[in-house]
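# Fold and geometry: a report
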Amino acid sequence: MKISIQINASPYQHQASDTAWHFIQAALQNGHEIYRVFFYHDGIYNALRDSRPPSDERNIVQRWSTLNEQMGVDLVVCVSSAQRRGLLEQSVGEKVGGYERALADGFRIAGLGLLMEAVIDSDRHVTFGA
Amino acid sequence: MPNVKTLVFIIDKPLHGDIRAQEFLDMAMMAAAFGQRVVVVFEGSGVYGLIKEQRADVLGLKNITPVLSALSVYDIHDILVEQESMLLKGVDESQLGIAVSVQSRSEIKQTIDSANHLFSF
């Protein structure tokens, strides 16, 4: 089955990111395809490069980067949600004078069109944090 | 048209106070722009969002009501409000700021059952 994921809540304060990550692990192990993970609303904080949790805690941002690196899962951060909250794409940061390396490895920034494409092409669209 | 899905967007929170409702409606409009059949359902505290003459500017917020009025421009014509929620919240149809279809919980359940995907926030 082709599954797309949407994450609406920030990591650590909410369980949504953890549940989504475990869901994705289980789906991949059972032979399903994860078409895309789309980060919306406060979910964009999952892509914050400079997140530094204590060393004895899980590193949620790093975990997403690893998922992209090892499994090739497409991680897309909504551009308008991200800009509103100060998470800028490099080119935007350069242009408006913001921080240019805000986005962690493996994430890319794009518009809601990529969410809709995922919803339309997937058999299931599962939202976490709503 | 190939691959048209029915997407139901459930609004069960007031529209002002945080940014999510505004971002949520952006999703609905994008879905409609992609040629999908969009249904917006108001239930629970979401019905407060339909009351006319909201003064979001008092809090320095953007008023979302004009966005609701513009949904038809995006070919979103199915705007449903749950009758039971209106009763529960004491909201009367004459207080509403946009044209909606008031339906019972069981009617709305049928719509939700027929959806390909559900969205909430």
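A brief structural summary. It should be emphasised that the depicted structure is a prediction, and the values quoted were computed from it without experimental measurement.

What chain B contains, in helices and strands, is 4 helices and 5 strands. Scanning chain B from its N terminus toward the C terminus, one meets helices and strands in the order β-α-β-α-β-α-β-α-β. A globule of 121 residues ought to have a C-alpha radius of gyration of about 14 Å, and chain B, at 14 Å, matches this closely. For chain B, the spread of C-alpha atoms along the principal axes amounts to about 45 × 30 × 20 Å. For chain B, with 121 residues in total, the buried portion stands at 45%.

Attention now moves to the sheet that holds strand β1 (residues 6–11) of chain B. Residue and element names in this part refer to chain B. Strands sit in the order β4-β3-β2-β1-β5 across an open sheet of 5 strands; the sheet is parallel. Two strands in the sheet have a free side with no partner beyond their single neighbour: β4 (101–103) and β5 (117–119). Strand after strand, the sheet turns through a mean of 25 degrees between neighbouring axes, direction not considered. In the sheet, strand β3 (residues 78–82) pairs with β4 via 3 bridges, with the strands oriented parallel.

Moving on: the sheet that holds strand β4 (residues 107–110) of chain A. Residue and element names in this part refer to chain A. Taking strand neighbours across the sheet as the criterion, the 5 strands line up as β4-β3-β2-β1-β5 in an open arrangement whose pairing is parallel. The open sheet has two edge strands, β4 and β5 (124–128), and neither has a second partner. On average, adjacent strands in this sheet sit at an angle of 25 degrees to one another, irrespective of strand direction. Looking at chain direction, strand β1 (residues 2–7) and β5 are connected through 5 bridges and run parallel.

Here the focus is a nonpolar patch on the surface. Residue and element names in this part refer to chain B. On the surface, a cluster of nonpolar side chains totalling about 300 Å² of accessible area is made up of Val-58, Leu-59 and Leu-61. Secondary-structure assignment places Leu-59 in the loop between β2 (37–42) and α2 (65–70). On the basis of relative accessible area, Leu-59 is assigned to the exposed category, the value being 66%.

Tallying the contact residues gives 20 residues for chain A and 18 residues for chain B. Between chain A and chain B, the buried area comes to about 1600 Å², and carbon and sulfur atoms account for 62% of it. Among the residues chain A hides against chain B, the three largest losses belong to His-41, Met-116 and Ile-120 of chain A. Together they make up 36% of the total. In this assembly, chain A and chain B are joined by 2 salt bridges. A salt bridge links Glu-23 of chain B to Arg-84 of chain A; the shortest N-O distance between them is 2.8 Å. Counting the contacts that link chain A with chain B gives 9 residue pairs in polar contact (both at pLDDT 80 or more). By residue number, the principal contributor to the side of chain A that touches chain B is helix α5 (residues 112–121) of chain A, which donates 8 residues. Here the residues of the side of chain A that touches chain B are counted per class, giving 7 nonpolar, 7 polar and 6 charged.

Mapped onto the secondary structure, Gln-6 of chain A falls in strand β1. You can call Gln-6 of chain A buried: its relative accessible area is 1%. Polar side-chain contacts of Gln-6 of chain A include one of 2.9 Å to the side chain of His-125 of chain A. For Gln-6 of chain A, the residues in contact, after removing those within four places along its chain, are Phe-38, Tyr-40, Leu-115, His-125, Val-126, Thr-127 and Phe-128 of chain A together with Met-27 and Phe-119 of chain B.

Procedures and definitions
Residues numbered from 1 in each chain as written. Chains lettered and ligands numbered in written order. Predicted model: local features only at pLDDT ≥ 70, side-chain atom pairs only at ≥ 80, totals over all residues. Heavy atoms only, no water. Helix = DSSP H or I, 4+ residues; strand = E, 2+ residues; numbered from the N terminus. Rg over C-alpha atoms; globule rule 2.2 N^0.38 Å. Buried < 20%, exposed > 50% of the residue type's maximum accessible area, 1.4 Å probe, protein only. Pairing = 2+ DSSP bridges. Axes fitted to C-alpha atoms, helices over the stretch in contact; angles between N-to-C directions. Patch = residues over 30% accessible without salt bridge, like charges linked within 9 Å, V, L, I, M, F, W, Y side chains within 5 Å. Areas by Shrake-Rupley, 256 points an atom, 1.4 Å probe, with all protein chains shown as cover. Salt bridge = Lys/Arg side-chain N within 4 Å of Asp/Glu carboxyl O. Contact = heavy atoms within 4.5 Å. Buried area = accessible area lost by both parts, 1.4 Å probe. Polar contact = N/O pair within 3.5 Å; in protein donor to acceptor, adjacent residues only side chain to side chain. Nonpolar A, V, L, I, M, F, W, Y, C, P; charged D, E, K, R; others polar.

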